Amino acid sequence: MKQKLLFIIASIFIFNLLYAQKIIPLTPAQKQQFLAAHNAYRKAVGAPPLQWSDQLANYAKHWAMVLASTESTKNSPNNKYGENVYTTSLDVNPQAAVDHWASEKKYYNGQPITLDNYWIFGHYTQIIWSTTKQVGCAIAQDKDGTYYVVCEYSPAGNVIGKKPVPNYPHHPVQ
């Protein structure tokens, strides 16, 4: 009986060691950093500011845990929200994650979204999509220490045939 109990405890320990992943709880400051980073890019093109959504953050937590457990970076299937995913082996900085997605700005020249082009700049255009009103983000960590950042957006952007912001490109707002 004692050996069986030790075996079970050892098995649980090994399983947790091999497959451990965890959600990194966001502090109020980190939530604000995610929101401020998104809204700075939106302001620059004349899009209205986003509001934080705990509902979207909870959805993002679920998907971040899936990514951490499978060590993948794919978008969630059949998602009714817009979604951006980012991974890093460094400590997560919300501004750096949003900056990474927004770095695709250099590829976007104001054209409507198509099935062929949104893969090139879709992270950026989701950030600035003018009819999107809410964002929620989450961070999970896999067993190797890699962080998975997921932000969910509602309503979703990157609508085929549409532009993220009317009259894009804008001159930066001062």
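It should be emphasised that the depicted structure is a prediction, and the values quoted were computed from it without experimental measurement.

Chemist: Any chance you could explain the overall build of the chain here in plain terms?
Modeler: Counting secondary structure elements, the chain contains five helices and five strands. Within the span of the chain, comprising 174 residues, buried residues form 41% of the whole. Surface exposure of the chain reaches about 10000 Å², of which carbon and sulfur atoms provide 59%.

Chemist: Sorry if this is basic, but what is going on with the packing of aromatic side chains here?
Modeler: For any two aromatic rings, the description comes down to two numbers: the centre-to-centre distance and the angle of the planes. Counting across every chain of the model gives five aromatic pairs. Between Tyr 108 and Phe 121, the ring centres sit 4.8 Å apart and the planes meet at 65°, which makes this aromatic pair edge-to-face. Note that Tyr 108 is positioned in the loop between helix H4 (94-102) and helix H5 (118-128) and Phe 121 in helix H5, a separation of 13 residues in sequence. Following the ring pairs from residue to residue traces out a cluster consisting of Tyr 108, Phe 121 and Tyr 168.

Chemist: Would you mind showing me how to read the pairing of strand S3 (residues 82-88) here?
Modeler: Here is the key point about a regular strand: its side chains alternate between the two faces of the sheet. Buried residues dominate S3, accounting for six of its seven residues. Sheet analysis places S3 next to strand S5 (residues 147-154), joined by seven bridges and oriented antiparallel. Looking across to S5, one finds that Thr 88 is bridged to Tyr 147.

Chemist: Mind showing me how you'd approach a nonpolar patch on the surface here?
Modeler: Together, Tyr 107, Trp 119 and Ile 120 make up a nonpolar patch on the protein surface, roughly 380 Å² of accessible area in all. Within the element layout of this structure, Ile 120 appears in helix H5.

Chemist: Would you take a moment to explain the environment of Gln 126 for this structure?
Modeler: Note on placement: Gln 126 falls in helix H5. A relative accessible area of 2% means that Gln 126 is categorised as buried. Sequence spacing of Gln 126 and Glu 83 is 43 residues, and the spatial spacing of their C-alpha atoms is 7.8 Å. The contacts of Gln 126, once residues within four sequence positions are left out, are Gly 82, Glu 83, Asn 84, Thr 132, Tyr 153, Pro 155, Ala 156, Gly 157 and Asn 158.

Chemist: Got a minute to help me understand the pairing of S5 in this structure?
Modeler: The element S5 is largely enclosed, with a buried count of eight among its eight residues. Burial of the side chains of S5 extends over both faces: Tyr 147, Val 149, Cys 151 and Tyr 153 are buried on one face and Tyr 148, Val 150, Glu 152 and Ser 154 on the other. Bridge analysis of strand S4 (residues 134-141) against S5 gives eight bridges, and the strand direction is antiparallel. Bridge pairing links Gln 141 to Tyr 147 in S5. Counting the residues in the hairpin turn of S4 and S5 gives five residues, including Gly 145, whose phi is positive at 95°.

Chemist: Where do I start with the nonpolar core in this structure?
Modeler: Burial of nonpolar side chains together is a common tendency in soluble globular proteins. Phe 34, Trp 52, Trp 101, Val 135 and Val 149 are the most contacted members of the largest nonpolar core, which has 31 residues in total. Of all the secondary structure elements, the ones that give two or more residues to this core are helix H2 (28-44), H4, H5, S4 and S5. The residues contacting Val 135, other than those within four sequence positions of it, are Leu 35, His 38, Leu 50, Gln 51, Trp 52, Ser 53, Leu 56, Cys 151, Glu 152 and Tyr 153. Counting residues in each nonpolar core, the second largest holds ten residues, with Trp 63, Ala 68, Ala 138 and Val 150 among its members.

Chemist: Help me understand unusual backbone geometry, please; the structure alone is not making it clear to me.
Modeler: Comment: phi is negative for the bulk of residues other than glycine, and the bulk of peptide bonds are trans. In this chain, Ser 154 is followed by Pro 155 through a cis amide linkage whose omega measures -15°. Relative to the helices and strands, Pro 155 resides in the segment after S5. The phi angle at Asn 158 is positive, at roughly 55°, despite the residue not being glycine. Summarising the element assignment, Asn 158 is placed in the segment after S5.

Calculation rules
- Residues numbered from 1 in each chain as written.
- Predicted model: local features only at pLDDT ≥ 70, side-chain atom pairs only at ≥ 80, totals over all residues.
- Heavy atoms only, no water.
- Helix = DSSP H or I, 4+ residues; strand = E, 2+ residues; numbered from the N terminus.
- Buried < 20%, exposed > 50% of the residue type's maximum accessible area, 1.4 Å probe, protein only.
- Areas by Shrake-Rupley, 256 points an atom, 1.4 Å probe, with all protein chains shown as cover.
- Phe/Tyr/Trp six-rings, centres within 6.5 Å; stacked < 30°, edge-to-face > 60°.
- Pairing = 2+ DSSP bridges.
- Patch = residues over 30% accessible without salt bridge, like charges linked within 9 Å, V, L, I, M, F, W, Y side chains within 5 Å.
- Salt bridge = Lys/Arg side-chain N within 4 Å of Asp/Glu carboxyl O.
- Contact = heavy atoms within 4.5 Å.
- Core = buried A, V, L, I, M, F, W, Y, C linked by side-chain atoms within 4.5 Å.

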